[in-house]
Amino acid sequence: MFVKHIEDHSAHYWKSYRVMKDNFYQCPPLFDIGNDAFQRKVVNVLPKKDLLKILGIGSGRGELDCVNIRRMLGHVSRINNTVVEPSVEAIEAYKSLICGDLSDRVNTSWYNETFQQYQKRRDGNVATDKFHFISAVHSLYYADNDGRSIDYLIDLLEKDGVLFIIIQNDHSGFIRLFDKLAEYFGSHPVNVTEGIVTSKIVKCLDSDDSLVYDVMKQRHQINISSCFEESVEGSLILDFLTQMVDFKSTVTKDFLQSVLDYLKTPDCSEILSDGKIIFREDWDAFIIRKK
């Protein structure tokens, strides 16, 4: 069975994401998460230098990066910002955000590539530059097994540098859904559960005495009621949830029904008194400092 991974189809990815974002249910904006903690545990502990070097892995359209950059500019004069993002559309949106007042104090280098491609190219060039701050927000799911990407990013940090990661909690409805999909495909067809989840990060961090870290938990919810209707919106949300293009036409009718039935269970969702089906997407935000 030929499966099209949504990450390989940028236009469909962003179309699906925008529809899903429109159906966020009683969620705080992403850039509000850990606002006070970010100021105390990241900005206030970063080296007080004229120039700060930062790296964004999978920065998307740059909304969160730009909020964090503004916070940092209250403490430093200039920032060298390296952005690694595989979507051309996302990079163009990011450029429009940073082209105003930020551009005078922020020099940005753009890399239209995946994290794996960036890593391979950097290692091939034997690069030695390191960073004071690295962010990877919902971007390490496809990276590797067993935390090797976490080790790699930590190695890129300067002393007292900070790594900021937001990742799905092991008990998120997404992870439960991926396990359900693995029953059908033998393993998840886009290997999401082979990548990074909270338990792997904690295991990696607890074995390293040179690191200190904090974890902030965030409850996040999506109204997925339209997935159970014959609608374009519902099909796009289902594509994002499964991380596959045209999920409904990819699997058999029986398996599609079993997935829809599973999405209604307490493993994934809560059904409200008004009939809304609210998908549980729990996140953990890690703030990791290299001593």
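See above for the structure.
Residues numbered from 1 in each chain as written. Predicted model: local features only at pLDDT ≥ 70, side-chain atom pairs only at ≥ 80, totals over all residues. Heavy atoms only, no water.

Peer 1: Help me out: how do you make sense of the pairing of strand S5 (residues 157–168) in this one?
Peer 2: Regular strands place their side chains on alternate faces of the sheet. Within S5, nine of the 12 residues are buried, which leaves the element mostly enclosed by the surrounding structure. In terms of strand pairing, strand S4 (residues 131–137) meets S5 through six bridges, oriented parallel. If you follow Ala-136 over to S5, its bridge partner there is Ile-165. Bridge analysis of S5 against strand S10 (residues 283–290) gives seven bridges, and the strand direction is antiparallel. Bridged to Phe-164 within S10 is Ile-287. (Buried < 20%, exposed > 50% of the residue type's maximum accessible area, 1.4 Å probe, protein only. Helix = DSSP H or I, 4+ residues; strand = E, 2+ residues; numbered from the N terminus. Pairing = 2+ DSSP bridges.)

Peer 1: I'm lost on the pattern of salt bridges in this one. Help?
Peer 2: Pairs can form between side chains of opposite charge once their charged atoms are near each other. For the structure shown, the criterion picks out 17 salt bridges. In this structure, the salt-bridge partner of Arg-289 is Asp-160, at a minimum N-O distance of 3.3 Å. Placement of the pair is Arg-289 in strand S10 and Asp-160 in strand S5, with a sequence separation of 129 residues. Between Lys-180 and Glu-183 there is a salt bridge, and its shortest N-O distance comes to 3.7 Å. Separated by three residues within a single helix, Lys-180 and Glu-183 lie in helix H7 (residues 173–185), roughly one turn from each other. Lys-180 gets classed as buried once you look at its relative accessible area, which sits at 18%. For Glu-183, a relative accessible area of 62% puts it in the exposed group. (Salt bridge = Lys/Arg side-chain N within 4 Å of Asp/Glu carboxyl O.)

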